Amino acid sequence: MKKYKIELSEQQMRLVADCLEDVSRFSAGQCEMRYTIEEMLKGLPFDEQMKRRKEVENLLKQVKRVLLPDLEDNASKGYNGTDFIGNTYQIYRTILHQLAMDNDWNNVYSSPALESGNIGATKIEVVEALEN
């Protein structure tokens, strides 16, 4: 198996993590797509954002019923419900853990990702730390 290293800025790492979290949660049945929709609605007046968000939430509930008909409205498969969910969880959660360690966050990401998926753990190394 080949291995690759990708160099990302902290901002790029956060974007990758947020997008993968949306995908991971979506495939597990948490279909809110929180980060993606927030970015798509950015810049609109507040009332318009709320109106569109509500409309999208209703549509995403319908999508969930089609894709995951056996799950109740508030149910999900969990972080390791399928290999795909577990693999995407592993990557986004490891990225957020690295950012938590690098920035002294004291939150849920302060602990490492749980073992998940079937393609192995994600490894991240800091290449360069820039001073402000």
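Shown above is the structure to which this text applies.
Parameters at a glance
Residues numbered from 1 in each chain as written. Predicted model: local features only at pLDDT ≥ 70, side-chain atom pairs only at ≥ 80, totals over all residues. Heavy atoms only, no water. Helix = DSSP H or I, 4+ residues; strand = E, 2+ residues; numbered from the N terminus. Buried < 20%, exposed > 50% of the residue type's maximum accessible area, 1.4 Å probe, protein only. Areas by Shrake-Rupley, 256 points an atom, 1.4 Å probe, with all protein chains shown as cover. Lys, Arg positive; Asp, Glu negative; His and termini not counted. Charge placed at Lys NZ, Arg CZ, Asp CG, Glu CD. Core = buried A, V, L, I, M, F, W, Y, C linked by side-chain atoms within 4.5 Å. Contact = heavy atoms within 4.5 Å. Axes fitted to C-alpha atoms, helices over the stretch in contact; angles between N-to-C directions. Left-handed = near helix turned anticlockwise from the far one by under 90°. Nonpolar A, V, L, I, M, F, W, Y, C, P; charged D, E, K, R; others polar. Expected span 1.5 Å × (residues − 1). Salt bridge = Lys/Arg side-chain N within 4 Å of Asp/Glu carboxyl O. Patch = residues over 30% accessible without salt bridge, like charges linked within 9 Å, V, L, I, M, F, W, Y side chains within 5 Å.

### Considerations on the overall build of the protein
(1) Moving on: Secondary structure assignment for the protein yields four helices and zero strands.
(2) Moving on: Scanning the protein from its N terminus toward the C terminus, one meets helices and strands in the order α-α-α-α.
(3) Moving on: Seen through its principal axes, the protein has C-alpha atoms that stretch 45 × 40 × 30 Å.
(4) Moving on: Sorting the 132 residues of the protein into buried and exposed places 27% on the buried side.
(5) Moving on: Put simply, the protein shows about 9800 Å² of open surface, and 54% of that area lies on carbon and sulfur atoms.
(6) Moving on: The distance from the centre of the 17 positive side-chain charges to the centre of the 22 negative ones in the protein is 5 Å.

### So, the nonpolar core
In a soluble, globular protein the nonpolar side chains are often hidden away together inside.
(1) Moving on: Counting ten residues, the largest nonpolar core consists of Met-13, Ala-17, Tyr-89, Tyr-92, Ile-95, Leu-96, Leu-99, Ala-100, Tyr-109 and Ala-113.
(2) Moving on: Listing elements by their share of this core, those giving two or more residues are α1 (10-28) and α4 (83-102).
(3) Moving on: Among the elements that line this core, the one with the most residues is α4, at six residues.
(4) Moving on: When neighbours within four sequence positions are excluded, Met-13 is seen to be in contact with Leu-8, Ile-95, Gln-98, Leu-99 and Ile-124.
(5) Moving on: Counting residues in each nonpolar core, the second largest holds five residues, with Cys-31, Met-33, Ile-37 and Leu-60 among its members.

### Structural notes on the side chain of Asn-87
(1) Moving on: Tracing the backbone through its elements, the reader meets Asn-87 in helix α4.
(2) Moving on: Relative accessible area serves as the criterion here: at 12%, Asn-87 is assigned to the buried category.
(3) Moving on: In this structure Asn-87 touches Ser-116, Gly-117, Asn-118 and Ile-119, once residues within four positions along its chain are discounted.

### Observations concerning the packing of helix α2 (residues 34-41) against helix α3 (residues 46-67)
Geometrically, a packed helix pair is captured by the angle between its two axes and the distance between the axes.
(1) Moving on: Relative orientation of the contacting elements α2 and α3 amounts to 145 degrees, with a least axis distance of 11 Å. α3 is crossed by α2, and the crossing has right-handed handedness. Contacts between α2 and α3 involve Ile-37, Glu-38 and Leu-41 from the former and Gln-49, Arg-52, Arg-53, Val-56 and Leu-60 from the latter.
(2) Moving on: Of the residues that constitute the contact of α2 with α3, the class distribution is four nonpolar, one polar and three charged.

### A look at α4
(1) Moving on: Helix length check: α4 (20 residues) gives 28 Å between terminal C-alpha atoms against 28 Å at 1.5 Å per residue, within 8%.
(2) Moving on: One or two residues past the end of α4 sits Asp-104, with phi positive at roughly 55 degrees.

### A short note on the pattern of salt bridges
(1) Moving on: For the coordinates displayed, the defined rule picks out seven salt bridges.
(2) Moving on: Between Glu-125 and Lys-5 there is a salt bridge whose closest N-O contact spans 3.3 Å. Of this pair, Glu-125 sits in the segment after α4 while Lys-5 sits in the segment before α1, and the two are 120 residues apart along the sequence.
(3) Moving on: Here Glu-125 falls in the exposed class, since its relative accessible area comes to 51%.
(4) Moving on: Between Lys-51 and Glu-48 there is a salt bridge, with the nearest N and O atoms lying 3.9 Å from each other. Of this pair, Lys-51 and Glu-48 are both found in helix α3, three residues apart, which corresponds to roughly one turn of the helix.

### Here we look at a nonpolar patch on the surface
(1) Moving on: Together, Ile-6, Leu-8 and Val-16 line one region of the surface with nonpolar side chains, adding up to about 260 Å² of accessible area.
(2) Moving on: Locating Leu-8 in the fold gives a position in the segment before α1.
(3) Moving on: When its relative accessible area of 35% is taken as the criterion, Leu-8 is described as partly exposed.

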